Amino acid sequence: MSKTIAILGSTGSIGESALKVISKFNGDFRVAGLTTRRNILRLEQQVKKFRPSMVGVVESASFQDFSRSHGNNGLQIFGGTESLEKIATAPRVDLVLSGVVGAVGLKALLAALKMGRTVALANKESLIMAGSLVTETAKKYGATLLPVDSEHSAMFQCIQGQAGNPIHKIILTASGGPFYNFKGDLSKVTVEKALAHPNWVMGRKITVDSATLMNKGLEAIEAHFLFGVPLEKIQIVIHRQSIIHSAVEFEDGSILAQMSHPDMCLPIQYALTYPERKPCPIPRLDFAKMKQLDFAEPDFRKFPCLELALSAGKAGGTAPCVLSAANEVAVYAFLAGKIKFTDIPKIVARVLGKHKIIKKPGLEDILDADRGARREAEALC
Ligand code: MG
């Protein structure tokens, strides 16, 4: 039986990879809806190929352009951020893949979970900003969250068949990003250098987050919420080869790890075909040729974003939301050439320092904290 899928953020890195997976399994999937922020040229090509019945275009000028040329051929076109929600909750969708970047994905995620839907989640910012709310909503409505992030997909794969066996510890691996061995002055690094990730091909925002190691801190918080494991039991380990995507230790000291060539196609495909496994066209690992796997402690002094994220995660409440919002603004300011690479943690720290944490926030508190943090961060940029 084919699965009907809606993809939020179909023109981004995750969305494109998901559509590649879908086109490979001809007939196993049907695409019901696609959304883009503003890449309507790419959206148009995707519409031709995958024939969805609905699309969403978030930015209004692009929405109007797209509507003008596609308004009368039976395609339902939604505009604005609400379009994400409309498509996530459209009838007869079996699985929603959220590959949007940033806080914009939260409402659509909550709406899909309230319908008891299965959501393959790549939009980590939603989980960071509202982790308790997201996981409680999923539980309350019997919805399923499938992790797409490679590390969390690894953890998820390691706990299959382990129902009833508590996780003793999570080992979250990190490539270390492009500046792990960098000896010079990080305040002078260019956008281009920050975007040159050694192992993974990803979107721009997450690639910068990997360079500051903020991404790993966000991923620790993400793992904490997805698997209900306290941050103290999540160990971050630098593993330059990105072969072990993460590991889980159980009560008896056994550690299960998931390994593969680093390519997002695999975790995306696993979320789409779960619980089945299907052939995946990425290079296979050969242990004899691999020879060695290296591990090291992360350098918290060189990458202050890591400590900032872990502290915000431990503080809980609205702190992770503020961290993520301030970081998002700072990263885009860096990408736009407005601030230095080393200003990113400074801005995040200042915004966090000013914030009064709300311990058990509702959706409105979270959205307020998000807006406030963005305003503060923008002023500092
Ligand atoms: Mg990751």
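Since the model is a prediction, treat every value here as computed from it, not as a measurement.

Definitions and cut-offs
- Residues numbered from 1 in each chain as written.
- Predicted model: local features only at pLDDT ≥ 70, side-chain atom pairs only at ≥ 80, totals over all residues.
- Heavy atoms only, no water.
- Pairing = 2+ DSSP bridges.
- Helix = DSSP H or I, 4+ residues; strand = E, 2+ residues; numbered from the N terminus.
- Axes fitted to C-alpha atoms, helices over the stretch in contact; angles between N-to-C directions.
- Contact = heavy atoms within 4.5 Å.
- Phe/Tyr/Trp six-rings, centres within 6.5 Å; stacked < 30°, edge-to-face > 60°.
- Buried < 20%, exposed > 50% of the residue type's maximum accessible area, 1.4 Å probe, protein only.
- Lys NZ or Arg CZ within 6 Å of the ring centre and 35° of its normal.
- Domains from an automatic or database assignment.
- Buried area = accessible area lost by both parts, 1.4 Å probe.
- Salt bridge = Lys/Arg side-chain N within 4 Å of Asp/Glu carboxyl O.
- Polar contact = N/O pair within 3.5 Å; in protein donor to acceptor, adjacent residues only side chain to side chain.
- Nonpolar A, V, L, I, M, F, W, Y, C, P; charged D, E, K, R; others polar.

Asker: Explain the sheet that holds strand β7 (residues 144-147) here, please?
Answerer: Ordered in space as β4-β3-β2-β1-β5-β6-β7, the seven strands form an open sheet in which the pairing is parallel. The two strands at the open ends of the sheet, each matched to only one other strand, are β4 (76-79) and β7. In this sheet, adjacent strand axes meet at a mean angle of 20° when their direction is disregarded. Pairing geometry for strand β1 (residues 3-8) and strand β2 (residues 29-36), over five bridges, is parallel. Across the sheet, the residue bridging to T4 is R30, located in β2. Here helix α12 (residues 265-273) sits on the sheet in contact with β1, β2, β5 (95-98), β6 (118-121) and β7, set at roughly 135° to β1.

Asker: Just checking my understanding: could you explain the packing of aromatic side chains for this structure?
Answerer: Aromatic ring pairs are reported here in terms of the distance separating the ring centres and the angle at which the planes meet. All told, the structure shown has six aromatic pairs when counted by the stated rule. On the numbers, 5.7 Å between centres and 70° between planes, the contact of Y270 with Y274 is edge-to-face. For the pair F334 and F341, a centre-to-centre distance of 5.6 Å together with 65° between the ring planes defines the contact as edge-to-face. As far as burial versus exposure is concerned, F334 and F341 are alike and both buried. Here a set of aromatic residues connected by ring pairs shows up, and it is made of F179, F182, F334 and F341. Sitting over the face of the ring of F25, K278 holds its NZ or CZ atom 5.7 Å from the ring centroid.

Asker: What is the right way to read the pairing of strand β8 (residues 167-174) from this model?
Answerer: Within a regular strand, side chains alternate between the sheet's two faces. Of all eight residues making up β8, six are buried, and the element is well covered by its neighbours. With four bridges joining them, β8 and strand β10 (residues 244-250) adopt antiparallel strand pairing. Counterpart to I171 in the pairing with β10 is A247. Two strands pair when backbone bridges link them, and β8 and strand β9 (residues 234-238) are joined in this way by five bridges, in the parallel orientation. Across the sheet, A174 pairs through a bridge with I238, a residue of β9.

Asker: Can you help me understand the domain arrangement of the protein in this one?
Answerer: Accessible area lost when the parts come together is the quantity often used to give the size of an interface. The assigned domain composition of the protein is domain 1 (3-147), domain 2 (152-314) and domain 3 (316-381). Its C-alpha centre places domain 2 at a distance of 23 Å from the equivalent point of domain 3. On the domain 3 side, the residues contacting the 24 residues of domain 2 number 18 residues. The contact between domain 2 and domain 3 buries some 1700 Å² in all, and 79% of this surface belongs to carbon and sulfur atoms. Remark: the boundary between domain 2 and domain 3 carries zero salt bridges. Taken together, the connections running from domain 2 to domain 3 amount to four residue pairs in polar contact (both at pLDDT 80 or more). Listed by contribution, the elements that provide at least two residues to the side of domain 2 that touches domain 3 are α9 (191-194), α10 (204-212), α11 (214-227) and α14 (304-315). Split into classes, the residues belonging to the side of domain 2 that touches domain 3 amount to 16 nonpolar, four polar and four charged.

Asker: Quick question: what am I supposed to make of unusual backbone geometry here?
Answerer: Glycine aside, a negative phi is what most residues show, and trans is what most peptide bonds show. The step from Y274 to P275 runs through a cis peptide bond, and the omega angle for that step is 5°. Mapped onto the elements of the fold, P275 is located in the loop between α12 and α13 (287-290). Phi angles above zero are rare outside glycine, and L213 is one such case at about 70°. Among the secondary structure elements, L213 is positioned in the loop between α10 and α11. A positive phi angle, near 50°, is found at S242, a position not held by glycine. As for its placement among the helices and strands, S242 is situated in the loop between β9 and β10.

Asker: Please clarify how the pattern of salt bridges should be interpreted in this entry.
Answerer: Per the counting criterion, the structure on display carries 18 salt bridges. Here D28 and K278 are joined by a salt bridge, their closest N and O atoms 3.0 Å apart. Residue D28 is found in the loop between α1 (13-24) and β2, and its partner K278 is found in the loop between α12 and α13; the two are separated by 250 residues along the sequence. On the accessibility criterion, K278 (27% relative accessible area) is partly exposed. In this structure, the salt-bridge partner of E125 is K205, at a minimum N-O distance of 2.9 Å. A residue pair is termed long-range when its members are at least 10 positions apart, and E125 in helix α6 (residues 124-129) and K205 in helix α10 qualify at 80 residues. Across the pair, K205 and E125 agree in class, each one buried. Each of the salt bridges in this network shares a partner with another, and the network as a whole consists of K124, D149, E151, K216 and E219.

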